[in-house]
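# Examination of the molecular architecture
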Amino acid sequence: MRLEQFYTATDCAIIMFDLTARISYKLVPHWYRDVHHFCENIPMVLVGNKIDAPRRKIKAQQVVFDNTKCIEYIEMSAKGNYNVIEPLLSLMRKLVGDPGLEILESPELELPE
């Protein structure tokens with residue numbers, strides 16, 4: 001599958017970077033540009049993962065992405081199951097046009113061993 005085939009079938013996007021690796025944050029503008037090139041006006045969320053990592057390199061106040069792009073920033077921990085639903089909920093709210101949309105029951109996730 002070519003890159004443009006992947007993106008043209010997309011209604012929304014999550015751009016995720018690793019809070020313990022500065023290089024992943026530096027790549028965010030490139031990933032945004034790639035998505036925006038093929039899908040100009042789709043809702044996007046910027047996600048910083050590994051908020052619970054002891055070797056965190058990027059603090060919340062250091063995440064500065066061009067505000068004109070209107071991308072919400074959310075921090076989460078996939079491992080710790082913290083805020084994992086928030087990026088999806090944010091995109092669902094934008095897609096259906098209902099800022100009050102809520103998930104009535106969260107899925108039960110097993111904690112890693």
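Since this is a predicted model, take the numbers as computed values, not measurements.

As a further point, take unusual backbone geometry. Located in the positive-phi region is asparagine 81, a residue other than glycine, with phi close to 60°. As for its position among the elements, asparagine 81 is in the loop between β3 (72–76) and α4 (86–96). The backbone phi angle of asparagine 83 is positive, close to 65°, even though this residue is not glycine. Residue placement: asparagine 83 occurs in the loop between β3 and α4.

What follows concerns α4. An α-helical segment advances 3.6 residues per turn. Residues three or four places apart therefore align on the same side. Inspection of α4 places Pro87, Leu89, Ser90 and Leu91 among the buried residues, and these make up the whole buried set. Taken together, the buried residues of α4 touch β1 (13–18), β2 (44–49) and β3. One or two residues past the end of α4 sits glycine 97, with phi positive at roughly 75°.

Conventions used here
Residues numbered from 1 in each chain as written. Predicted model: local features only at pLDDT ≥ 70, side-chain atom pairs only at ≥ 80, totals over all residues. Heavy atoms only, no water. Helix = DSSP H or I, 4+ residues; strand = E, 2+ residues; numbered from the N terminus. Buried < 20%, exposed > 50% of the residue type's maximum accessible area, 1.4 Å probe, protein only. Contact = heavy atoms within 4.5 Å.

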